[in-house]
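Single-letter residue listing:
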Amino acid sequence: MIKSNQSTKREALTTLSQKELHSINAYWRAANYLSVGQIYLMDNPLLKEPLKPEHVKPRLLGHWGTTPGLNFIYVHLNRVIRQKNLNVIYITGPGHGGPAIVANVWLEGTYSEYYPNVSEDENGMKNLFRQFSFPGGIPSHVAPETPGSIHEGGELGYCLSHAFGAVFDNPDLVAACVVGDGEAETGPLATSWHSNKFLNPVRDGAVLPILHLNGYKIANPTLLARLPHNELESLMQGYGYRPYFVEGSDPEMMHQDMAAALDTCLDEIAGIQREARENGFTERPYWPMIILRSPKGWTGPKEVDGKKTEDFWRSHQVPFAEVRENPAHLRLLEKWMRSYRPDELFTESGTLKPELKELAPKGQKRMGDNPHANGGVLLQALHLPDYRDYAVSVPSPGAVEGEATRVMGMFLRDVMKMNEQASNFRVFGPDETASNRLGSLFEVTDRVWTESIKPYDEHLSPNGRVMEILSEHTCQGWLEGYLLTGRHGFFSCYEAFIHIIDSMFNQHAKWLKITHYQIPWRRPIASLNYLLTSHVWRQDHNGFSHQDPGFIDHVVNKKAGVIRVYLPPDANTLLSVTDHCLRSRNYINVIIAGKQPEWQWLDMEAAVKHCTIGIGIWEWASNDSNDGDPDVVMACAGDVPTLETLAAVDILRDKIPDLKIRVVNVVDLMTLLPPEEHPHGMKERDFDDIFTTDKPIIFAYHGYPWLIHRLTYRRTNHNNLHVRGYKEEGTTSTPFDMVVMNDLDRFHLVADVVDRVPRLRQKGAYVKKYVQERLIAHKEYIYKYGEDMPEIRNWKWKQ
Ligand SMILES: Cc1ncc(C[n+]2csc(CCOP(=O)(O)OP(=O)(O)O)c2C)c(N)n1
Ligand SMILES: [Mg+2]
């Protein structure tokens, strides 16, 4: 081990006795042997007979290059966990090294407990090999199927944010986090080093980053591996870490160095925590980290077909293929596997030899069985105040104004307060908690901050529970790590910029889908809740760049069973939806709600009913209830479309009093789907009852109009469905001009009705003329005065 700031001259370290060194190396060989076996073999697991083509899998799939390094780290963590009685989870950024984690979890005995058919014997070993990357078997990555994992690592970049998320409010937990040197080039990873500025050693656990400099990615060297030593060291120091270098390829030296480095790092962590817990938090400490420089594909074939393979990118995936067909490759594989001397590692019946087995920790100290990596088993329900207590009093629809997210902020404030003791609730966001009007939270907590704090700073403290960093990736990663380890959270974000984490959302949705449907031992975790506010229709300060409602379209691609989308039209519906989301499990809930003062429509009792069903006719706004036979259905989803629809109804009542209008509001977008497609989907009959089978439907929607067609294309009355929504028109203009630019305003909606209700063809000409004139008047007015016409600004629903 080379300590940061010391000379790079190697010291001969002797942390391990010869016996320990020998057995640690043997354990590592066993893990490496099992890893190669998983990638290549489907039979003859102990090589009891000479290797034949039929023992080898027909399709060779997986990643070897990162695997020996991951095995090396795992084995050493086992030692230090036992020696210091630690509580450690293992997070592998290069999760493509699945064989390593599966091998180690099997060696420590956990795997066979979770999957009894993969037993600790020769037959189990055969199943272990065969199932890997095999139809009906397990994925090649550290997937949800892998005990001990909270991080798939398929999409690179999120390991550190997951690791930090896992240790927040888990004072006894250490997350050992392997960062791939290629992965370290990604934006999300690069910014996540700064998570240490949000970690308070008094109340949080610790992350031990292990930067794995194996030098290469898939087909290139990595930037960090080729930086001069002092630049790399300075970089990590600049991020606030104290790096310890473990570098080389000679196993004996490397074992000694790694053992010493881990001892030092974990002692330093314990020292930092002791100091902070005894004396209180004073300043952000320098947390230790390890920089492990070891060859990619370490212990694998040095060359294949005359080409450099070990310590080069060629070892990234399967170092050589065509093993069944090419006898030289078959011999090479056998030689490689026998180089680990399996007969010294496993008994005749295929069990790890008892003296090696002793190296693994016991019970839940095994990293594969750490309950934090199956957070649902630790999950405690939140204490929730009665959301009805925060209700906005709405004497009649449209009688009062309110700011939906501000009201929600008061509810969240009390959720925060009531769970202070349990320390299992945090709110995340990229610098927008106050701007999104959730500022009431700051009455009971602060933003967490372990950097210096100036006397004039507001609401910053090392003890805060609001987590703000201007990195949507880091917020998302922290929250995922926090949820996956059994806690609760809430992410508020500008609607347009949540797209930055589209791909992370994908990965989390995939994780939930697999755990939800296929892995009974993974207990349900709290849902990931998004509040998307500062939405497309009210970007008064920002304009076009901030206008994008497309996250919903992205979300609905995912497995219906794990996603929910809510568009509450006012404060009371937002409260009801929020309460529901905080109680739910294993979903991703997307709530879209504005933060501006808007008319309030439903009192609390009506809001609860409306949200429970998710969609409904608003009788008080409709005039077809006598015979239930409307001329037109005016549907709306989202706060601004709801306002415009009601204003359009108001005009129509005035101009065409005998027109029978039915107003339908959708809170839960998924009700539009058929029940076969989504658990919330409305039955055919119910849908037809609400939307009729033959009347025109004018649907004013918050987002891109195509989505409503996508969700309803199989419905009887789809041919009569006409959707208005965002069509990529926008700039910095007045709120009403935004809807006008996208034909979603009340006047366009009125014209749509006139165009589509057959009996209005002639009669409606006057009404159309009226709305055209109002639209011209609108443009003239805003160009002249810079604000919306008084009839728009002062519009009010007539009681
Ligand atoms: C975000 C992302 N981009 C690209 C890939 C494709 N990919 C898989 S592995 C890999 C190289 C990873 O290199 P490194 O992090 O150094 O891992 P290791 O060398 O340990 O295999 C790449 C580019 C990916 N998985 N995720
Ligand atoms: Mg690498």
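Structure first, text after, so check above.
Bear in mind that the values here come from a model prediction, so they are computed numbers and not experimental data. (Residues numbered from 1 in each chain as written. Chains lettered and ligands numbered in written order. Predicted model: local features only at pLDDT ≥ 70, side-chain atom pairs only at ≥ 80, totals over all residues. Heavy atoms only, no water.)

Visitor: So, helix 5 (residues 122-131): which residues are in play, and what are the values?
Guide: Every buried residue of helix 5 is listed here: G124, M125, L128, F129 and Q131. In this structure, the buried side of helix 5 is in contact with helix 1 (18-40), helix 3 (98-107) and helix 4 (110-114). Immediately beyond the C-terminal end of helix 5, within one or two residues, lies S133, with a positive phi of roughly 50°. (Buried < 20%, exposed > 50% of the residue type's maximum accessible area, 1.4 Å probe, protein only. Helix = DSSP H or I, 4+ residues; strand = E, 2+ residues; numbered from the N terminus. Contact = heavy atoms within 4.5 Å.)

Visitor: Which residues make up the packing of helix 18 (residues 571-583) against helix 19 (residues 604-613), and what values go with them?
Guide: The interhelical angle for the contact between helix 18 and helix 19, taken along N-to-C directions, is 50°, at an axis separation of 8 Å. It follows that helix 18 is oblique to helix 19 by the angle criterion. Crossing geometry of helix 18 relative to helix 19 is assigned as right-handed. Judged by residue contacts, N572, T573, L575, S576 and V577 of helix 18 engage M604, A607, V608, H610 and C611 from helix 19. For the contact of helix 18 with helix 19, the residue count by class is six nonpolar, four polar and no charged. (Axes fitted to C-alpha atoms, helices over the stretch in contact; angles between N-to-C directions. Parallel < 35°, antiparallel > 145°, perpendicular 65-115°, else oblique. Left-handed = near helix turned anticlockwise from the far one by under 90°. Nonpolar A, V, L, I, M, F, W, Y, C, P; charged D, E, K, R; others polar.)

Visitor: Requested: an account of the site of ligand 1, with residues and values cited.
Guide: Near ligand 1 lie 16 residues; those nearest to it are T66, H96, G154, D181 and K296. Within the contact set of ligand 1, an oxygen atom lies 2.7 Å away from a side-chain nitrogen or oxygen of H96. At 2.6 Å, a side-chain N or O of K296 approaches an oxygen atom of ligand 1. Burial of ligand 1 by the protein amounts to 74% of the accessible area it has alone, namely 590 Å². Among the residues making up the shell around ligand 1, the classes are represented as four nonpolar, seven polar and five charged. (Near = heavy atom within 4 Å. Polar contact = N/O pair within 3.5 Å; in protein donor to acceptor, adjacent residues only side chain to side chain. Areas by Shrake-Rupley, 256 points an atom, 1.4 Å probe, with all protein chains shown as cover.)

Visitor: Just give me the short version of the side chain of T712, but keep the residues and values in it.
Guide: Position of T712 among the secondary structure elements: in helix 22 (residues 706-712). On the accessibility criterion, T712 (3% relative accessible area) is buried. With residues near it in sequence (within four places) discarded, T712 still touches L672, F687, H718 and L721.

Visitor: Go over the sheet that holds strand 20 (residues 632-637) with me, naming the residues and quoting the values.
Guide: Strand order in this open sheet of five strands is 19-21-20-22-23, and the pairing throughout is mixed. Whereas interior strands pair on both sides, the edge strands pair on one side only; in this sheet they are strand 19 (615-617) and strand 23 (721-724). Strand-to-strand twist across the sheet, computed as the mean angle between neighbouring axes with direction ignored, equals 20°. Bridge count for strand 20 against strand 21 (residues 661-666) is five bridges, and the pairing is parallel. If you follow C636 over to strand 21, its bridge partner there is N665. Strands strand 20, strand 22 (697-701) and strand 23 of the sheet are contacted by helix 24 (residues 746-756), whose axis makes an angle of about 160° with strand 22. (Pairing = 2+ DSSP bridges.)

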